[in-house]
Amino acid sequence: MAFYKPLQMKVGKRMFLKQLAENKSVTINYVKNGILQTTTGRVYCLNLREQILSLKDEQKNSLTIRLSGIRKVY
(Lines give C-alpha, C1' and ligand atoms only; values in the text may rest on other atoms or scores of the structure.)
Protein backbone atom coordinates (compact mmCIF):
# COMPACT_ATOMS: atom_id res chain seq x y z
CA MET A 1 0.00 0.00 0.00
CA ALA A 2 1.46 3.36 -1.00
CA PHE A 3 1.41 6.31 1.35
CA TYR A 4 0.89 9.78 -0.07
CA LYS A 5 2.17 13.05 1.31
CA PRO A 6 -0.47 15.63 2.26
CA LEU A 7 -1.26 18.33 -0.28
CA GLN A 8 1.38 21.02 -0.18
CA MET A 9 0.11 24.37 -1.37
CA LYS A 10 2.66 26.83 -2.72
CA VAL A 11 0.20 29.70 -2.40
CA GLY A 12 -1.74 30.76 0.68
CA LYS A 13 -4.85 28.82 1.67
CA ARG A 14 -7.14 31.74 0.91
CA MET A 15 -5.67 32.13 -2.58
CA PHE A 16 -6.06 28.41 -3.16
CA LEU A 17 -9.75 28.42 -2.16
CA LYS A 18 -10.39 31.58 -4.20
CA GLN A 19 -8.93 29.91 -7.30
CA LEU A 20 -11.16 26.85 -6.77
CA ALA A 21 -14.24 29.05 -6.49
CA GLU A 22 -13.67 30.54 -9.94
CA ASN A 23 -15.79 28.98 -12.68
CA LYS A 24 -12.88 27.42 -14.58
CA SER A 25 -12.10 23.86 -15.51
CA VAL A 26 -9.68 22.20 -13.07
CA THR A 27 -7.88 18.87 -13.03
CA ILE A 28 -7.59 17.21 -9.63
CA ASN A 29 -5.46 14.29 -8.50
CA TYR A 30 -7.02 12.69 -5.42
CA VAL A 31 -6.98 9.49 -3.41
CA LYS A 32 -10.16 7.47 -3.04
CA ASN A 33 -10.16 4.07 -1.34
CA GLY A 34 -6.35 4.03 -1.47
CA ILE A 35 -6.20 4.53 -5.25
CA LEU A 36 -4.83 7.68 -6.87
CA GLN A 37 -7.38 9.01 -9.38
CA THR A 38 -7.59 12.02 -11.71
CA THR A 39 -10.65 13.94 -12.83
CA THR A 40 -11.36 17.16 -14.72
CA GLY A 41 -14.38 19.39 -14.25
CA ARG A 42 -15.79 22.63 -12.91
CA VAL A 43 -16.28 23.28 -9.20
CA TYR A 44 -19.93 23.89 -8.38
CA CYS A 45 -19.82 23.52 -4.60
CA LEU A 46 -17.11 23.93 -1.99
CA ASN A 47 -18.42 22.91 1.44
CA LEU A 48 -15.84 23.80 4.08
CA ARG A 49 -17.99 22.61 6.97
CA GLU A 50 -18.16 19.05 5.60
CA GLN A 51 -14.73 19.35 3.91
CA ILE A 52 -15.95 18.31 0.45
CA LEU A 53 -15.55 19.62 -3.08
CA SER A 54 -18.20 18.92 -5.72
CA LEU A 55 -17.37 18.90 -9.44
CA LYS A 56 -19.31 18.51 -12.66
CA ASP A 57 -17.46 17.03 -15.63
CA GLU A 58 -18.01 17.66 -19.34
CA GLN A 59 -20.84 15.07 -19.43
CA LYS A 60 -22.57 16.89 -16.49
CA ASN A 61 -21.83 14.00 -14.09
CA SER A 62 -21.42 15.02 -10.44
CA LEU A 63 -18.45 13.95 -8.36
CA THR A 64 -17.79 14.66 -4.69
CA ILE A 65 -14.21 14.63 -3.36
CA ARG A 66 -13.07 14.92 0.26
CA LEU A 67 -10.61 17.81 0.65
CA SER A 68 -8.26 15.57 2.65
CA GLY A 69 -7.93 13.25 -0.36
CA ILE A 70 -6.82 15.94 -2.81
CA ARG A 71 -3.15 15.66 -3.75
CA LYS A 72 -2.75 18.14 -6.62
CA VAL A 73 -4.91 20.74 -8.36
CA TYR A 74 -3.97 22.23 -11.72
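Located above this text is the structure these notes cover.
Summary of the structure given here. (Residues numbered from 1 in each chain as written. Predicted model: local features only at pLDDT ≥ 70, side-chain atom pairs only at ≥ 80, totals over all residues. Heavy atoms only, no water.)

The subject of this paragraph is the overall build of the chain. The number of helices and strands found in the chain is 1 helix and 5 strands. Listed by position from the N terminus, the elements making up the chain come as α-β-β-β-β-β. The buried share of the chain, taken over its 74 residues, is 24%. Within the chain, counting contacts between residues at least 6 apart in sequence, those at least 24 apart form 37% of the total. If you sum the accessible surface of the chain, you get close to 5,800 Å²; carbon and sulfur atoms cover 51% of it. (Helix = DSSP H or I, 4+ residues; strand = E, 2+ residues; numbered from the N terminus. Buried < 20%, exposed > 50% of the residue type's maximum accessible area, 1.4 Å probe, protein only. Contact = heavy atoms within 4.5 Å. Areas by Shrake-Rupley, 256 points an atom, 1.4 Å probe, with all protein chains shown as cover.)

Here we come to unusual backbone geometry. With a phi close to 55 degrees, Asn33 is a non-glycine residue in the positive phi region. Positive phi, close to 65 degrees, is recorded for Lys60, a residue that is not glycine. Secondary-structure assignment places Lys60 in the loop between strand S3 (52-56) and strand S4 (62-66). Taking the relative accessible area as the measure of exposure, Lys60 reaches 66% and is therefore exposed.

You can see Ser54 is positioned in strand S3. When its relative accessible area of 6% is taken as the criterion, Ser54 is described as buried. Other than its neighbours up to four places away in sequence, Ser54 contacts Arg42, Val43, Tyr44, Cys45, Leu63 and Thr64.

Our next topic: the nonpolar core. The biggest cluster of nonpolar side chains holds 10 residues, and these are Leu20, Val26, Ile28, Tyr30, Val43, Leu53, Leu55, Ile65, Leu67 and Ile70. For this core, the elements supplying multiple residues, two or more each, are strand S1 (25-32) and S3. At 3 residues, the largest contribution of residues to this core is made by S1. Those residues in contact with Tyr30 that sit more than four places away from it in its chain are Ile35, Leu36, Gln37, Thr38, Thr39, Leu63, Ile65, Gly69, Ile70 and Arg71. (Core = buried A, V, L, I, M, F, W, Y, C linked by side-chain atoms within 4.5 Å.)

What follows is about the side chain of Thr27. Among the structural elements, Thr27 can be located in strand S1. With relative accessibility at 18%, the residue Thr27 sits in the buried group. Among the polar contacts listed, one links the side chain of Thr27 to the side chain of Thr40, at a separation of 3.1 Å. For Thr27, the contacting residues outside a window of four places in its chain are Thr38, Thr39, Thr40, Lys72, Val73 and Tyr74. (Polar contact = N/O pair within 3.5 Å; in protein donor to acceptor, adjacent residues only side chain to side chain.)

The values are spatial; any link to function lies outside them.
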